[in-house]
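Coordinate analysis (summary)
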Amino acid sequence: MAITSIKNLKEFSTNNDRFEGAHLLCPGCAHSMIVRELMNCTDDNLVIATNTGCLEVSTAVYPYTSWDTSWIHIGFENAATAAAGAEAMYKARKRKGTLKDPNAPVKFVAFGGDGSTYDIGFQWLSGAVERGHDFTYVCLDNENYANTGGQRSSATPIGSTTSTAQAGSHSYGKKEKKKDMVAIMAAHGAPYVAQLAPNKWKIMAKGFQKALETEGPCFINTVSACTTEWKFDPKDTIHITDLATDSLMFPIYEIIDGKELNILYRPKNIITVEEYLNAQGRYRHLFKPENRHVIEKIQKDVDEKWELLQRREEARV
Amino acid sequence: MAKKYDLNEVEVWDGNYAASQALRQAQVDVVAAYPITPSTPIVENYGNYVANGYIDGEFVMVESEHAAMSGCVGAAASGGRVATATSSQGFALMVEVLYQASGMRLPIVLTVVNRALASPLNVRGDHSDMYLGRDSGWIQLDSFNAQEAYDMVLCAFRIGENMNVRLPVMVHQDGFITSHTAQNVSPLSDDEAYAFVGEYQPYNDMLDFSKPVTYGAQTEEDWHYEHKARQHKALMDSRDVINSVFEEYKAKTGREYKRVESYLMDDAEVAIVALGTTVETCLLAAKQLREEEGIKAGVVAPRCFRPFPFDMIRDALMNVKALCVMDRSAPGGAMGALFNEVSAALYTTPNRPIITNYIYGLGGRDFSVKEAKRIFKEQLAHAEAGEITTDIQQFSGLRGPKLGFFKTKRS
């Protein structure tokens, strides 16, 4: 049963469970919420490809699997291409009449962390989107290489400490800004691109549904708060995500056909980035006097980005 | 419904065209590919078939060879016939996914037009890429001319897709010498070829949602070893299937193939072991030496490079006095790989013939009949002396000072 008939979160979260509760993700990890939400928001058959990463190593350790649907993992970088290959085979078999159930709708989905999406699998994602395969790529963006113990990625925000861009007596952590993957994917001309967050579950489910129903390659960047590497209490995952969306560190918006930008969530009370940063161990060092300038920079960047998004929405460009 | 070709009994095709026609006749469901010299024409020819209505399947031109094999894996796990082509650097870029394809037991067919590996960059043929694949868990079939390149591709589908095998298969041909040289090729008709290859039988099909499958699971020290051992057993067990497919192909075409090809070996006293087009060069040399000088020379060639035909190599060579194993790949600080494998097989025989190694033909350096004759005669000199009279590893056709390594241990 799809989300269209679901009234409340409790009903939704227990609906149509094709992603089993038994897995090895950290307590408090947002990955499973996001994955379950995507799988629950459609009744269609699903072929899911997953890049190497936290999700993959936690859900398919032989002889067990958490996936009650077709699932494939090849390598760190190529889930988009695995999904593309499966989608090509579906088209070929449909044409030749060799599918077992030719009329059952099938959706192709690829999951990757920010490591495999922003960095090592960037080319594979770009290629698959350029070729126009009918699939949805979902990035579980926890802003670091969490599976290998928390190294920097190009999604790691400036000022965050990771094991390969450490804060120390001579460093405030990562020096470079986060790559704007949503803009890059929109620039591919993908018909549907969005940034979504699991605390806004109804918006997220609608975004997933839109992506799945849109013909062609869709890209969704999801905020996946990482209790282990962001360093917060596992019970606070949604609270931290609330701070992320309400400080506008993670604005929630969609871009249709590369140009029509819609802001999907406007916080009633916008909080400072300082409030968001202060709730996580990975930013603790920024509150030393010599590093306060980084917080100011982050706030300035966030304000500018929010201004840009609003202008783009208004101008429809 | 795809259009059919009306082929002549004998066509004039180069190796690339022969391979691409075989792919077309097999009615592959998905070809995911990326062009690279010298295998580019395989992909271009296929693109031509697609553009003109000869293909019902999907043709996905991806952005790299790594993606080509990744797309092939995703497609093959979705219950249909899959193939691609590559060479050299493209092959090297694919290597990660080659292991994943075989580990997932997906019967993909990869036509490899052999070419040297950089650096220095070189587009000509040697066997560096073929050797790079030798531990990847794929079946590797070798062809020595365009006809065989065609025949082996058709056989490859039958072998890899056999329910007792379910492994990916490479079909090798030599870059330029085979791939770009037009030769007479006798193809099957489209109907005969497809009847031989047969309908694809899905197994663990991701598009059969009544039975969900998980591909590419993780195993650590608890299960990885058992998986890899079973995969090795599957490769070893494929030998019988390869034999029976070759027999069936002979019944259909009259062309006989064996996992180890032996030429003029019945009474041979000296032999050369080689791969690819060099086999024909050496065979010509052996024939001439027999006619001109009465030298009992013969040639042995592994048609099936993987699984390595250890016992058949041993049986083919155990009665010669001296032999040379030719390796067309930079050995990287060791004896040639084929030399090592043939030596190991012959060590298990009572006679243990004298065996030496030549590195040759790297980056497309020509290997002539004259040079093959010289090497046969060198084997004769070893045989007459009763020991190795040269360095054990030598370099054929190399300019500059003579290069060689290791002497035999004299008592």
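Owing to the predicted nature of the structure, the values given are computational and were not obtained by experimental measurement.

At the junction of the two partners, chain A supplies 42 residues and chain B supplies 46 residues. Here chain A packs against chain B, burying approximately 3400 Å² in sum over the two surfaces, 59% of which is carbon and sulfur. Of all residues in chain A, the largest losses of buried area upon contact with chain B belong to A:Tyr62, A:Met89 and A:Lys96, amounting jointly to 19% of the total for that side. Our count for the chain A to chain B interface comes out at six salt bridges.

Time to look at the layout of surface pockets. Residue and element names in this part refer to chain B. Quantified by volume, the largest pocket comes out at close to 1400 Å³. Taken together, 42 residues form the lining of the largest pocket, with Gly103, Met104, Arg105, Gly216 and His227 sitting closest to its centre. Looking at the lining of the largest pocket, the elements that each hand over two or more residues are α4 (88-103), β9 (214-215) and α8 (224-253). Broken down by element, the residue count for the lining of the largest pocket peaks at nine residues, all from α8. When grouped by side-chain class, the residues that make up the lining of the largest pocket number 19 nonpolar, 13 polar and ten charged.

All names here are of chain B. Following both chains from N to C, one finds helix α6 (residues 146-161) and helix α7 (residues 190-197) inclined at 40°, their axes separated by 8 Å at the closest point. Taken as axis vectors, α6 and α7 run oblique relative to one another. On the side of α6, the interface is formed by Tyr150, Leu154, Cys155, Phe157 and Arg158, while α7 contributes Ala193, Phe196 and Val197. Taken together, the residues of the contact of α6 with α7 break down into seven nonpolar, no polar and one charged.

Turning our attention to the pattern of salt bridges. Within this structure, the stated rule accounts for 42 salt bridges over all chains. One salt bridge connects B:Glu63 with A:Arg131, and the closest N-O pair in it is separated by 2.9 Å. Pair noted here: B:Glu63 is in the loop between β3 (58-61) and α3 (65-76) and A:Arg131 is in the loop between α6 (122-130) and β4 (136-141), and the two residues belong to different chains. Salt-bridge contacts for B:Glu341 lead to B:Arg306; the nearest nitrogen and oxygen are separated by 2.7 Å. Here B:Arg306 lies in strand β13 (residues 304-306) and B:Glu341 lies in helix α11 (residues 337-347), a separation of 35 residues in the sequence. Grouping residues by exposure puts B:Glu341 and B:Arg306 together as buried. Three or more residues are tied together by salt bridges with common partners; here these are A:Glu87, A:Lys91, A:Arg95 and B:Glu58.

Further remarks concern the environment of A:Leu38. Residue and element names in this part refer to chain A. Mapped onto the elements, Leu38 comes out in helix α2 (residues 31-40). Using a relative accessible area of 0% as the deciding quantity, one classes Leu38 as buried. Linking Leu38 and Val109, residues 71 residues apart in sequence, is a C-alpha distance of 9.4 Å. With sequence-adjacent residues up to four places away left out, Leu38 is seen in contact with Val109, Phe111, Val138, Phe208 and Leu212.

To continue, consider the nonpolar core. In terms of nonpolar packing, the biggest core is built from 128 residues, with A:Ile72, A:Phe111, A:Tyr276, B:Met69 and B:Ile108 touching the most fellow members. Leave out the neighbours within four places in its chain, and B:Ile108 touches B:Met69, B:Cys72, B:Val73, B:Ala76, B:Val82, B:Ala83, B:Ala101, B:Trp138, B:Pro168 and B:Val169. Residues B:Tyr54, B:Leu141, B:Leu235 and B:Val241 belong to the second largest nonpolar core, which totals 49 residues.

This part takes up the sheet that holds strand β7 (residues 192-196) of chain A. Strand order in the open sheet made by the nine strands is β10(A)-β9(A)-β7(A)-β8(A)-β4(A)-β3(A)-β1(A)-β2(A)-β9(B), with mixed pairing throughout. On the outer flanks of this sheet lie β10 (260-263) of chain A together with β9 of chain B, each paired with one strand and no other. With two bridges connecting them, strand β2 (residues 70-72) of chain A and β9(B) associate as parallel partners. If you follow A:Ile72 over to β9(B), its bridge partner there is B:Tyr215.

In terms of burial, α2(A) is largely enclosed, as nine of its ten residues are buried. Taken together, the buried positions of α2(A) are occupied by A:His31, A:Ser32, A:Ile34, A:Val35, A:Arg36, A:Glu37, A:Leu38, A:Met39 and A:Asn40.

Moving on: the sheet that holds strand β7 (residues 169-174) of chain B. Residue and element names in this part refer to chain B. Taken together, seven strands build an open sheet; the order of strands is β3-β2-β4-β5-β7-β6-β13 and the sheet is mixed. The outermost strands of the open sheet, each flanked by one partner alone, are β3 and β13. Averaged over all neighbouring strand pairs, the angle between strand axes comes to 20°, with direction disregarded. Bridge analysis of strand β4 (residues 82-86) against strand β5 (residues 109-114) gives four bridges, and the strand direction is parallel. In the strand pairing of β5, Thr84 is matched with Leu110. Helix-sheet contacts for helix α2 (residues 40-51) involve β2 (30-33), β3, β4 and β5, and the interaxial angle to β3 is about 135°.

Conventions adopted
- Numbers given to residues run from 1 along each chain, matching the order in which its sequence is written.
- Chain labels run from A onward and ligand labels from 1 onward, assigned in the order the entries are written.
- Per-residue local features of the predicted model are confined to residues with pLDDT of at least 70, and side-chain atom pairs are confined, for both listing and counting, to 80 or more; whole-chain, interface and lining totals are unaffected and use all residues.
- Excluded from the side-chain calculation are hydrogens and water; included are all heavy atoms of the structure.
- Note on contacts: a residue pair is in contact if any heavy atoms of the two residues lie within 4.5 Å.
- Summed over both partners, buried area is the accessible surface (1.4 Å probe) that two parts give up on being assembled.
- Definition used for salt bridges: Asp or Glu carboxyl oxygen within 4 Å of a side-chain nitrogen of Lys or Arg.
- The method works on a 1 Å grid over the protein atoms by themselves. A cavity is a set of points holding a 1.4 Å probe that cannot get out, a pocket is an open set with protein on both sides within 12 Å along at least five of seven lines, and residues with an atom within 4 Å of a point line them.
- Grid points are joined across faces, edges and corners, and a volume is the space filled by probe spheres set on the points.
- In DSSP terms, a helix is any run of H or I states spanning at least four residues, a strand is any run of E spanning at least two, and both are numbered starting from the N terminus.
- When residues are sorted by character, Ala, Val, Leu, Ile, Met, Phe, Trp, Tyr, Cys and Pro go into the nonpolar class, Asp, Glu, Lys and Arg into the charged class, and all the rest, Gly among them, into the polar class.
- Axis lines are fitted to C-alpha atoms, over the contacting stretch for helices. Their N-to-C directions set the angle, which ranges from 0 to 180 degrees.
- Here the angle decides the label: under 35 degrees means roughly parallel, over 145 means roughly antiparallel, 65 to 115 means roughly perpendicular, and every other value means oblique.
- Here's how the labels work: a residue is buried when its accessible area is under 20% of the maximum for its type, exposed when over 50%, partly exposed in between, all with a 1.4 Å probe on protein chains only.
- The set of buried Ala, Val, Leu, Ile, Met, Phe, Trp, Tyr and Cys residues whose side-chain atoms join them within 4.5 Å is what this entry labels a nonpolar core.
- Strand pairing is assigned whenever DSSP detects at least two bridges linking the two strands.

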